[in-house]
Amino acid sequence: MTARTIDGTAVARRVREDVARGVAELVADGGTAPGLATVLVGDDPASEVYVRNKRRLSTEAGMVDHHRHLPADVGQAEAEALLDELAADPAVSGILLQLPTPKHLDSDALVARIPAEKDVDGLSTLNAGLLAQGRPGLRPCTPAGVMRLLDEYEVELAGAEAVVVGRSALVGRPVAQLLLARNATVTTCHSRTRDLAEVCRRADVLVVAAGIPRLVGADAVKPGATVVDVGIHRGEDGLHGDVDFAAVAEVAGLLTPVPGGVGPMTIAMLLANTLTAARAQQGRGT
Ligand code: ADP
């Protein structure tokens, strides 16, 4: 193996410690501790685990837990009313609607009830629009986590060839926009890209978020490139990503593992967003 491994677990821990310090400073300065409202609809076991971790780590950082759990058969109007109540509650700094919601609900309409300044997932149309225009706003957590990892490892972005595999609203699109904002030359690949490996081989920085196990192999990586794998898949042989780690590690210069790469960053950046939101709401924005 020639690639250096990016330690997302360690970076995420540092981010959470920074957030905890920021929360303590806000309170010491006469402010109010940030409040995070996680909203879970139904009983999907994976979503329950995610929400439990978000609640645990937010309280460990000194935040106040405003979790709400709605039954799987809740009506659209009732779910919207709950989000409106949280939107109006000054103790709630951030609202996170855990996705996916049950199929009978219109999740876009639910997300639309979350005011932009409390949209700590960064997925509202307004925050997505601000990002697209290169203006400040709350950024989606996983893409923000990718950028933080690149910065922690001092990966040169200005002028770099960056290739993003995937164009989802959750990951691919915002990652491409964040890289563009940092002056990378960005190419976005998707399911209709003609020769994926050929395009990926151009990349100094390759971010893969396609949701397909081991889509990217060594033939798609330029020697010495930085490769960030956002995928996560549970196979019989454990967890792996969208990148064939063992093969790509022989070619890349810097590489995220799965698990322990991007995964832990998502909640860390959620906490960072919640602190940012609380500060702004309390007139202490930076
Ligand atoms: P995520 O949540 O990780 O962003 P999604 O499943 O929502 O993943 O989106 C998958 C994205 O990956 C889509 O934008 C799709 O176009 C892209 N994609 C799927 N298959 C391929 C492929 N074979 N090559 C390149 N991109 C792909």
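What you see is a predicted model; the values in this text were computed from it and never measured.

Definitions and limits used
Numbering of residues starts from 1 in every chain and runs along the sequence as written. In keeping with the predicted nature of the model, local features appear solely for residues at pLDDT of at least 70, side-chain atom pairs appear and are counted solely at 80 or more, and the whole-chain, interface and lining totals rest on all residues. Side-chain numbers come from the whole structure's heavy atoms, not from hydrogens or water. What counts as a helix is a DSSP run of H or I of at least four residues, what counts as a strand is a run of E of at least two, and both are numbered from the N terminus. Every radius of gyration here is taken over C-alpha atoms, with the globule rule written as 2.2 Å times N^0.38, N being the number of residues. Per-residue accessibility, obtained with a 1.4 Å probe over protein chains only, is compared with the maximum for each type, and a residue is labelled buried under 20%, exposed over 50%, and partly exposed between these values. When checking whether two residues touch, look at their non-hydrogen atoms; a contact exists if any pair is within 4.5 Å. Only C-alpha atoms enter the line fits that serve as axes; for helices the fit covers just the stretch in contact. Angles between N-to-C directions range over 0 to 180 degrees. When describing relative orientation, an angle under 35 degrees is termed roughly parallel and one over 145 degrees roughly antiparallel, while 65 to 115 degrees is termed roughly perpendicular and anything else oblique. Helix crossings fall into two classes, left-handed where the near helix is turned counterclockwise from the far one by less than a right angle and right-handed where it is turned clockwise. One heavy atom suffices: a residue is near a molecule or strand as soon as one of its heavy atoms comes within 4 Å of it. Whenever two N or O atoms come within 3.5 Å, that pair is a polar contact, provided that in protein one can donate a hydrogen and the other can accept it, and provided that, for residues adjacent in sequence, both atoms are side-chain atoms. Methods summary: accessible areas were calculated by the Shrake-Rupley approach with a probe of 1.4 Å, and residue burial reflects only the protein chains presented. In this count, Pro and Cys sit with the nonpolar residues alongside Ala, Val, Leu, Ile, Met, Phe, Trp and Tyr, while Asp, Glu, Lys and Arg are called charged and the others, Gly among them, polar. Lining residues are those with an atom within 4 Å of a point, where the points come from a 1 Å grid over the protein atoms alone and group into cavities, where a 1.4 Å probe fits but cannot get out, or pockets, open sets with protein on both sides within 12 Å along at least five of seven lines. Grid points are joined across faces, edges and corners, and a volume is the space filled by probe spheres set on the points. Those domain boundaries reflect an automatic or database domain assignment. Definition of nonpolar core: a set of buried residues of the types Ala, Val, Leu, Ile, Met, Phe, Trp, Tyr and Cys, connected through side-chain atoms within 4.5 Å. The disulfide criterion is simple: two cysteine sulfur atoms within 2.5 Å.

### Notes on the overall build of the protein
Line of reasoning, step 1. Counting its secondary structure elements, the protein contains 10 helices and 12 strands.
Line of reasoning, step 2. In terms of C-alpha radius of gyration, the protein reaches 19 Å, essentially the compact-globule figure of 19 Å for 286 residues.
Line of reasoning, step 3. For the C-alpha atoms alone, the extent of the protein along its principal axes is close to 50 × 45 × 35 Å.
Line of reasoning, step 4. Looking at the protein as a whole, 49% of its 286 residues are labelled buried.

### What about the side chain of D229?
Line of reasoning, step 1. Within the element layout of this structure, D229 appears in strand β9 (residues 226-229).
Line of reasoning, step 2. Residue contacts for D229: discarding those within four places in its chain leaves V208, G241, D242, V243, T256, V258 and V262.

### A short note on the packing of helix α2 (residues 45-60) against helix α10 (residues 263-281)
Line of reasoning, step 1. Interaxial distance between α2 and α10 falls to 10 Å at its minimum, and their mutual angle equals 50°. By the angle class used here, α2 and α10 are oblique. Seen from above, α2 lies across α10 with right-handed handedness. In this structure, α2 uses Y50, N53, K54, L57 and S58 to contact α10, whose residues at the interface are I267, L270 and L271.

### Description of the site of the ligand
Line of reasoning, step 1. Around the ligand, the surrounding shell consists of V165, G166, R167, S168, V171, H190, S191, L196, A209, A210, I212 and L215.
Line of reasoning, step 2. Here R167 contributes a backbone N or O atom positioned 2.7 Å from an oxygen atom of the ligand.
Line of reasoning, step 3. Contact between the ligand and S191: an oxygen atom at 3.1 Å from a main-chain N or O atom of the residue.
Line of reasoning, step 4. Protein chains shield 68% of the accessible area of the ligand, which is 580 Å² for the free molecule.
Line of reasoning, step 5. Its residues assigned to classes, the shell around the ligand shows seven nonpolar, four polar and one charged.

### Considering unusual backbone geometry
Line of reasoning, step 1. For the bond running from L99 to P100, omega is 0°, close enough to zero to count as cis.
Line of reasoning, step 2. By secondary structure assignment, the location of P100 is in the loop between β5 (94-97) and α4 (107-111).
Line of reasoning, step 3. Cis geometry marks the peptide bond from V258 to P259, where omega comes out at 0°.
Line of reasoning, step 4. Considering the arrangement of structural elements, one finds P259 in the loop between β12 (254-255) and α10.
Line of reasoning, step 5. Of note in this structure, N183 is not a glycine but carries a positive phi near 70°.
Line of reasoning, step 6. With respect to the helices and strands, the residue N183 is situated in the loop between α7 (172-181) and β7 (185-189).
Line of reasoning, step 7. Positive phi is not limited to glycine here, since R214 has a value of about 50°.
Line of reasoning, step 8. Note on placement: R214 falls in the loop between β8 (205-208) and β9.
Line of reasoning, step 9. Residue classification places R214 among the partly exposed positions, given a relative accessible area of 41%.

### Some thoughts on empty space enclosed by the protein
Line of reasoning, step 1. Within the structure shown, the criterion is met by one cavity of 30 Å³ or more.
Line of reasoning, step 2. Size it by volume and the largest cavity reaches roughly 50 Å³.
Line of reasoning, step 3. As for the largest cavity, its lining consists of I95, L97, L99, V111, I114, D119, D121 and L123.

### Observations regarding the domain arrangement of the protein
Line of reasoning, step 1. Taken domain by domain, the protein comprises domain 1 (32-116) and domain 2 (140-263).
Line of reasoning, step 2. Computed from C-alpha coordinates alone, the two centres of domain 1 and domain 2 are separated by 29 Å.

### Considering the nonpolar core
Line of reasoning, step 1. With 49 residues, the main nonpolar core has V19, L150, L179 and V207 as its most contacted residues.
Line of reasoning, step 2. Listed by contribution, the elements that provide at least two residues to this core are α1 (8-28), α6 (141-152), β6 (161-165), α7, β8 and α10.
Line of reasoning, step 3. Looking at which domains feed residues into this core, each of domain 1 (32-116) and domain 2 (140-263) supplies at least three.
Line of reasoning, step 4. Aside from chain neighbours lying at most four places away, what touches L179 is M147, L150, L157, A162, V164, A184, V186 and V207.
Line of reasoning, step 5. A3, V163, V165 and A252 belong to the second largest nonpolar core, which has 21 residues in total.

### With respect to the state of the cysteines
Chemically, a disulfide is nothing more than a covalent bond linking the sulfur atoms of two cysteines.
Line of reasoning, step 1. In this structure the tally under the stated criterion is zero disulfides.
Line of reasoning, step 2. We note that C200 lacks a disulfide partner, and the nearest cysteine sulfur, in C189, lies 4.8 Å from it.
Line of reasoning, step 3. In this structure C200 comes out as buried when scored by relative accessible area, which is 1%.

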